[in-house]
Amino acid sequence: MADKKKSRQRIDPSFSSGRERIDDGFSAGERIVGGRRSSRYEEPEYDEDEDEPVVEKPRRSRSRRKPARRPPRRGFFGFIRTTIYWGLVLCLWAGIGLAGLVAYYGSRMPSASTWAIPERPPNVKIAGLDGSLIANRGTTGGEALALSDMSPYIPEAIVAIEDRRFYSHFGFDPIGLGRAFVTNVLTGHAVQGGSTLTQQLAKNLFLSPDRTLERKVQEVLLALWLEHKYTKDQILTMYLNRVYFGSNAYGVEAASRRYFNKSARDVNLGEAAMLAGLVKAPSRLSPARDPAAAEARAQLVLQAMQDQGFISEADIKTAMSQPPTRSKSYWSGAENYVADMVMDQLPKLIGSDIKDDLIVDTTLDMSLEEKAEKALNDVLAKDGKKLNASQASLVSVDATGAIRALVGGRDYAQSQFNRAVTAKRQPGSAFKPFVYTAALEMGLTPNSIRNDAPIKIGNWAPENYEQRYSGPVTLATAVAQSLNTVAAQLVAEVGADQVIKVAHRLGIESDLQANASIALGTSEVSLLELTSAYAAFMNGGFKATPYVVTKVTTAGGKVLYQANVANPPRVMNPDIVANMNAMMAGVIAYGTGKSARIPGWQAAGKSGTTQSFRDALFVGFTSHLTTGVWFGNDDGKSMRKVTGGGLPARAWKDFMIAAHKGLTPAPIFGGGQIIDNGLPVAQSAPNADQPTTIGNIISGTSGGGQAIQQPTLQQRPIQPQIVNQTVANDDPQDLPPANLTDDTNPYSSNTYDTGDIPPADVGDTNPHTATVRPHRSSLLDVILGQ
């Protein structure tokens, strides 16, 4: 019994038996039976053969825990579904972030109601005498053109290479941006841009070129506004008139003028492709800098145009057959000197700054301008290097002072300094006509006698060019041979102040020093004022104030300025003018200006050479034009014995012959005859039949280009013109003889440098004495009874 009782003793489940099974802490007593939970502890069952109770494996509770599942295989399509899902999520958040950025940067911009297209910087179109274009000036460098006025190839080329979907997008092109992104990723570097033409216009109009996120967002917003407010053609027109093409050219008109010297109206297919190619990199692809790169880029543009259906294969072949563009490195042509003059004068003429597009009509004759530039360059090319002359300038005016041609230097592209207007230099003997005019006004005549001999005025002892002297000579001979001693005597007689008054009255505006050496042109003047002062001799004694602008109008036709030169003041007695012209005609006929003779035309003028051959000038006139020419060096270095009767006279002659081609020859005022009736000319009344208005005196060209017949002077008893025949047959006195040596050459450094300017040792107590040439009997001697 005891064993039986002992065997029936309750034994709790143990976790130490090897037959024991783990069931996550749940016992057999926790089974669900008949829908009910059994008692927590039940009597254990015993094996009949053993005393130990049999422990049954507890069943898993289905209500508390499910069996573990193996993760399913995703596969390729699962990966795609996941990628799409998270991509959409990222896009959603990116869109939210982008909207926030747009809202933030947009809030930093002014209200859209205040947005307006800024005014295009004004352009100044400068036209010549015949209406042809001289130049465009202003910030843009060219006038604005309507889309219909441009060559049709230009907008097609721009759209093809810069924005092929221009006419289909709404200002921002996501497709184009994506295409550019993919292309740049595949190539490894930026080869395409995603900005539309509208975005580029917005950037050019309103924004800075900074590459920032804020600027890009604002660019897109402005592009959307432009597309909403303007049509596609209007946007394209604004773009083409404002985009930068390099070389300071903004807009297609400025670029066409700059690179092809033609209007954008006349650009052909190949030129349009080259212009469109410049937009990407205006400086690097400029045909002025790298023609090969510009041509290669143009080929890409042509191919893009064909891909877009704008042109055919045959059109490309035609464009390829055209000669390549040869563009100069800078704006070139002497007419640009005149354009610069116009821009300097314009604010004063219109009374305000330039605010609107203007059209400026000028007096410049482009045909004469080209002839003038050629004449100077031909002489410089032939003898400039040999004679150490590197620069030259020319001014030509008509009887009213209108500038018909002006060349400010050898090459405008190399130097824009205007040597004809801005530079002031000593005129040398070219100043002497004012000295002789003052003498005639004081009562002398061309036949008055003065002794050509060594003189001393105070401490100054002027000498002639070759230190040779002719003795008694007429004033006419002294002018023709450019005798320094006679001119100095006249200044001493009439006074330096009187000479200065005459010069200022005739048109010299520079300050002149009242000293004895003014006789030899030691005060500096500009070539323009010197030439226009000579025009008073040409037109019969009227002041010829130089001018180049005749009219200024706005693009709408409103006149802002109109030149008025109808009634210039008379500054000289007609008889004095006739006598001065006769004396200056002798300079060309047999004096220092023989190199300036023009076949078939009567001409008058005066040469000038300054100390050490630093400057050489020749100023002269016909009945048609007055022209002045200067040769020298910018640094003031001496030329190799270049005188006014040398290179300047030759260039003057070449230009004047070309300028007078096709015109009927007419005599200069006074016919080259000396008027001397025994009375001082300054005291005699003007001839009754002398014209009193410049309209009757001008002998330039009329509308048809024919020379107007010169009025005839009243006939008076005229004494024969007195000329020293011996001197008249000699070579020009301001040209050194061919056999000069260092011992005899007055310009040798062993003695002193001189020309028409007194040497440095003038005024010495023992002045250098020169030999007086033997005087031969002449007609003057017979008349005077000697």
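In case you missed it, the structure is sitting above this.
Keep in mind that this is a model prediction, so the values were computed, not measured. (Residues numbered from 1 in each chain as written. Predicted model: local features only at pLDDT ≥ 70, side-chain atom pairs only at ≥ 80, totals over all residues. Heavy atoms only, no water.)

**Topic: the sheet that holds strand β7 (residues 403-407)**
- In spatial order, the strands read β7-β6-β14-β13-β12; together these five strands make up an open sheet with antiparallel pairing. Each edge of the open sheet is held by one strand with a lone partner, namely β7 and β12 (604-609). Neighbour-to-neighbour, the strand axes of the sheet open up by a mean angle of 5°, direction not taken into account.
- Inspection of the sheet shows strand β13 (residues 615-621) paired to strand β14 (residues 626-632) by seven bridges, in the antiparallel sense. Of the residues in β14, the one forming a bridge with D615 is G632. (Pairing = 2+ DSSP bridges. Helix = DSSP H or I, 4+ residues; strand = E, 2+ residues; numbered from the N terminus. Axes fitted to C-alpha atoms, helices over the stretch in contact; angles between N-to-C directions.)

**Notes on the nonpolar core**
- Residues F434, Y436, L506, L530, F631, W652 and F655 are the most contacted members of the largest nonpolar core, which totals 122 residues.
- Among residues more than four places away in sequence, those in contact with L506 are F434, S532, A533, A536, F537, K543, V571 and M572.
- Judged by nonpolar contacts, the second largest core, of 51 residues, contains A202, M238, F245 and I311. (Core = buried A, V, L, I, M, F, W, Y, C linked by side-chain atoms within 4.5 Å. Buried < 20%, exposed > 50% of the residue type's maximum accessible area, 1.4 Å probe, protein only. Contact = heavy atoms within 4.5 Å.)

**A few points about the environment of A478**
- Among the structural elements, A478 can be located in helix α15 (residues 475-480).
- Distance from A478 to I449, taken between C-alpha atoms, is 9.4 Å for residues 29 residues apart in sequence.
- Ignoring anything within four residues of it in the chain, the contact list for A478 reads Y436, V473, L483 and V486.

**Overview of a nonpolar patch on the surface**
- Together, F76, F77, F79, I80, I84 and L88 make up a nonpolar patch on the protein surface, roughly 680 Å² of accessible area in all.
- F77 sits in the exposed class, given a relative accessible area of 61%. (Patch = residues over 30% accessible without salt bridge, like charges linked within 9 Å, V, L, I, M, F, W, Y side chains within 5 Å. Areas by Shrake-Rupley, 256 points an atom, 1.4 Å probe, with all protein chains shown as cover. Salt bridge = Lys/Arg side-chain N within 4 Å of Asp/Glu carboxyl O.)

**Re empty space enclosed by the protein**
- Inspection of every chain in the model, using the stated rule, returns four cavities of 30 Å³ or more.
- A volume near 80 Å³ is recorded for the largest cavity.
- The wall of the largest cavity is formed by S393, R419, A423, K424, R425, Q426, V525, S526, L527, L530, L617 and W630.
- A per-class count over the lining of the largest cavity returns six nonpolar, three polar and three charged. (1 Å grid on protein atoms, 1.4 Å probe; cavity = no way out; pocket = protein on both sides within 12 Å on 5 of 7 lines; lining within 4 Å. Points joined across faces, edges and corners; volume = space filled by probe spheres on them. Nonpolar A, V, L, I, M, F, W, Y, C, P; charged D, E, K, R; others polar.)

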